[in-house]
Amino acid sequence: MKNIFSLICCLVLSTAFLSAQPIGTSSYETMLELGETAMASNDYYRALEQYELAYEEREDEELIPILAELNYQLRDYRQAERWYKRLLRRDTENEFIEQRYKYGRTLKMQGKYDEAMQEFQQYLDAGTDAEKKRLAQMELAGAELGMSLPGNAQGVAVEALDRKKINTPVSQYTPALSPSGRTLYYASWVGKSVGKEIIEVDDQDDPEKFARIFQSQITVEKNREGVEVVEYQDPEPLGVEINRPGYHSANVSLSPDGRRMFFNRIVLTGNVPSESKIYLSEGGDGAWKSANEVVGVNGDYLALQPSVGELYGKEVLFFVSNMDGGEGGMDIYYATHQGEGVYGDPVNLGPGINTPADEMTPYWFDGTLYFSSDGYPSLGGLDIFYAVWNGTEWSEPNNMGKAYNTEADEMSFRLYDEGYKGFFTSNRPEGRSVRGKTCCDDIYGFAIARQFVDLVVGVFNEIDEAQKMPKREPLKGATVQLIDNGLAAGAEGTQSLTMNSGNRFDYGLNFERSYTVIASHPDFFPDTTTFTTMGVVDSKTFEERFFLKPRPREPEYETVVTNQPIVMENILYDFDDDRITPSAEIDLTLIYEIMTQYPDMKIELGSHTDSRGEDNYNKDLSQRRADSARRWLMRKGIDRSRIVPQGYGETVPQTVTAKVAGQFPYLKEGDLLTEEYILALPNEEQQEEAFQLNRRTEFKILEGPTSIEIKTTRLKKQDENDRGSNIGTQVEQNDPIKISQMSTLYGQTNLKNVPVMQFTERTKKIGVVKKGEKRTFSYTFTNRGDTDLIIDLISACDCTATNQDDLVGKRFKPGMSGTIEVVFDSADKDEDETIDIDIYLRNNDNQGNPIVEMLNYSFGLKL
């Protein structure tokens, strides 16, 4: 029954906004009493409102499990995670072991599969509920599926429908397209006061207090490039023939000819449906007649989500019900059409389709049943599955994969245009929700390419007896890069994927292109291949398998012998310059230490340039660079006679070593980086990297010890970020660190080596804004942690612009401050709203999870 609630929860939230009385001052006991009363009637929104007020007043820890549960029921998983984490972080005695199962689902519904699996496993180890253990085992399988399934939607483009006219902050569900393709029907709650100041509505016959079925006319025009542009007109509710006052009208579907409309009329008791019957209206677009109750399928149970199909050569009506005798939860049934709106007795589809959990929103298309379920391993909550009917039995249900399913709920799958286009609904976090990011469902449209090319890559380990790898096995943790060779350097032409739980990689390709594929792994030598889609006219899947050879383990020390050149990777020079940079001093210091340790050592410092520029000039430049390095060592006290500076110019291109090939997978060990070789590389980015490899400084022992050992880590190139300049303003750090609940660090106790982004304020009220007006404001933060803070992304809606280009990638040292500038544009807003801003850091917490900081601002809109 949980998912029946989730289908209409945002309707209830919206009604709650309208009918709630302004909150006055109440005693703590009164808040608890009001919360308990609301909980008893399954009025989760009002219950949460009261319990939050009570917690703010006394911070009673006994309220924490209630707050976690309410946020979970309202599908606000981000808030639920915080409360569950706070509840369970000190639960060493497993007092709240039953809550760990829902905590695991909360994490899984946000795509945090590794963490979710830990919680499910802990429940399996210590839980006592046998049924919940079975579910936990299934959730583990779902999390593993989420980590292993390829993430690319090959040939499938998915996009949310118009977020101004169709997708509102409350839920939209069960989209149905007329056969003409010009009318979209769907159910929602559309009220002119949603998001406005709370007002009182007492009239139970007010249609805006109920879910209704709407229609939106569709226009399709081609732009100048010949691409079809779809526009949805303002939705209009259907008349009282369909939307009967006093009932929630929902779950609309059409017969294949579009002349019959099936839908539900629902009665709620509290927030839970107590009555739901299937109705039928005939007529077609613009001429729907008064609806009548369908005979044969309704009874003393819930009958929901009707959809016309065909079995055994006859028309049937699929629907969902909780009637006795099912497999458990909500099951899918069918009833055979007998004519004149009369159907035979309902038949359960049986355990081949139905499970003890919930099966929802059935849809039949061309011999295949599509439905949503949380009774099979899923990526999140409800996933879309399909089963094929062969005339006598169903195939095993299959998950539709990441082309359609995410860590959220996906339902109401629909197809049209010969199966190449369709709709579904989802509460994905990028949608619009009246509360939190995942409360409510939006309608998404998708299109499947009639012709496409794609690539499937498999990565395996190579046979290696010495490394005790006697057979080829799937290699987890590999990274595959797909490079479009036809794009200029810096263009969005490279896709990179890393699979920690699988070895399959899927990519969509373009026709008439040339590609390079690079497979790599930290413990294996990389490999590369190229291919082209030139001349491909039909749909085609390219397959590439890589068998990577294991790297020998890097020794702790590297032995350097006489006349062996060693590249000093940090002695780099600016283009056409011979000055010693701060990074170069790192390697020069190493040379100084070695020469101090071996006073009889004499060395050559050889400097090399790339081939660009005139030969004589390059020879002179390299000599000046070698001389600069010698002068630096002489200033440290090394005798001039012990150093031979030699400028080679461009005469000795570098030979690619195994180490260099590991750093640059497109290079092969033994290759000589001549100008001809470099210019044959497929793009400018690779060419520039190869030229830079030739611009190097080497040292080699000429006299003294015949061999020495150098710690391997001393010869590695320093991370460029470690040499970055300081950004921001230094401040004193005397105030105690307090972690906001709007940070993913909230509740964590180990903050060592973690940046702490502390804001002067995270929530702003910018007042009343006139539609079309822009408003500018800012948030100031300070890094109160003990390590550098690096911003990776600042994410907000299209109405919110920030100065992220000035902030992303910069390093804020401990104690430094910065400012996030915000410009809000109200041009596309039609209602009051609270806008979230998410700041993703490149830093991880001590549990290995990315750190996310949250801000928000709210406004009132004057039209």
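Chemist: Mind laying out the pairing of strand S28 (residues 524–532), listing which residues take part and the relevant values?
Modeler: Of the pairings in the sheet, the one linking strand S27 (residues 514–521) to S28 comprises 7 bridges and is antiparallel in character. Opposite tyrosine 515, over in S28, you have phenylalanine 531 as the bridge partner. In this structure, the hairpin formed by S27 and S28 is closed by a connection of 2 residues.

Chemist: Before we move on, can you summarise the packing of aromatic side chains with the specific residues and values?
Modeler: Under the counting rule described, the total for this entry stands at 35 aromatic pairs. Centre to centre, the rings of phenylalanine 664 and tyrosine 666 are 6.2 Å apart; their planes meet at 70°, and the pair counts as edge-to-face. Across the pair, exposure class does not vary: phenylalanine 664 and tyrosine 666 are buried alike. Here the aromatic rings of phenylalanine 781 and phenylalanine 812 are separated by 5.1 Å at their centres, their planes lie at 70°, and the arrangement is edge-to-face. Separated by 31 residues along the polypeptide, phenylalanine 781 in strand S39 (residues 774–783) and phenylalanine 812 in strand S42 (residues 811–812) bring together distant segments of the chain. Judged by relative accessible area, which is 0%, phenylalanine 781 ranks as buried.

Chemist: Quick one: what's the story with the sheet that holds strand S19 (residues 398–399), residue by residue and with numbers?
Modeler: Pairing is antiparallel across the open sheet formed by 4 strands, whose spatial order is S16-S17-S18-S19. Each end of this open sheet is capped by a strand with a single partner; those strands are strand S16 (359–365) and S19. Two strands pair when backbone bridges link them, and S16 and strand S17 (residues 368–373) are joined in this way by 5 bridges, in the antiparallel orientation. In the sheet register, glutamate 359 faces S17, and the bridge partner there is serine 373.

Chemist: Describe in detail the packing of helix H6 (residues 97–108) against helix H8 (residues 130–148), supporting the description with residues and values.
Modeler: Taken N-terminus to C-terminus, the directions of H6 and H8 make an angle of 20°; their axes are 11 Å apart at the nearest point. When the axes of H6 and H8 are compared, the pair comes out roughly parallel. Our pair here, H6 against H8, has a crossing hand that is left-handed. When H6 is examined against H8, the residues Glu98, Tyr101, Arg105 and Lys108 are found in contact with a partner set consisting of Lys132, Leu135, Ala136, Glu139, Gly142 and Ala143. Of the residues assigned to the contact of H6 with H8, the class counts are 4 nonpolar, 1 polar and 5 charged.

Chemist: If you had to explain the packing of helix H3 (residues 44–58) against helix H4 (residues 64–73) to someone new, which residues and values would you point to?
Modeler: Here H3 crosses H4 at 150°, and the two axes come no closer than 10 Å. Two packed elements cross with a definite hand, and for H3 against H4 that hand is left-handed. On the side of H3, the interface is formed by Tyr44, Ala47, Leu48, Tyr51, Glu52 and Tyr55, while H4 contributes Ile64, Ile66, Leu67, Leu70, Asn71 and Gln73. Across the contact of H3 with H4, the residue classes break down as 9 nonpolar, 2 polar and 1 charged.

Chemist: Break down helix H5 (residues 77–88) for me, with residues and values.
Modeler: The terminal C-alpha atoms of H5 lie 16 Å apart, and with 12 residues this matches the ideal 16 Å at 1.5 Å per residue to within 8%. Counting buried positions along H5 yields 10 of 12 residues, so the element is predominantly enclosed.

Chemist: For the side chain of aspartate 454, give the residues involved together with the corresponding values.
Modeler: Here aspartate 454 is to be found in strand S23 (residues 453–461). Although buried, aspartate 454 forms no salt bridge, and the nearest oppositely charged side chain, arginine 504, lies 6.7 Å from it. Within the structure, the side chain of aspartate 454 is placed 2.6 Å from the side chain of threonine 541, a separation counted as a polar contact.

Reading the values: the criteria
Residues numbered from 1 in each chain as written. Predicted model: local features only at pLDDT ≥ 70, side-chain atom pairs only at ≥ 80, totals over all residues. Heavy atoms only, no water. Pairing = 2+ DSSP bridges. Helix = DSSP H or I, 4+ residues; strand = E, 2+ residues; numbered from the N terminus. Phe/Tyr/Trp six-rings, centres within 6.5 Å; stacked < 30°, edge-to-face > 60°. Buried < 20%, exposed > 50% of the residue type's maximum accessible area, 1.4 Å probe, protein only. Axes fitted to C-alpha atoms, helices over the stretch in contact; angles between N-to-C directions. Parallel < 35°, antiparallel > 145°, perpendicular 65-115°, else oblique. Left-handed = near helix turned anticlockwise from the far one by under 90°. Contact = heavy atoms within 4.5 Å. Nonpolar A, V, L, I, M, F, W, Y, C, P; charged D, E, K, R; others polar. Expected span 1.5 Å × (residues − 1). Lys, Arg positive; Asp, Glu negative; His and termini not counted. Salt bridge = Lys/Arg side-chain N within 4 Å of Asp/Glu carboxyl O. Polar contact = N/O pair within 3.5 Å; in protein donor to acceptor, adjacent residues only side chain to side chain.

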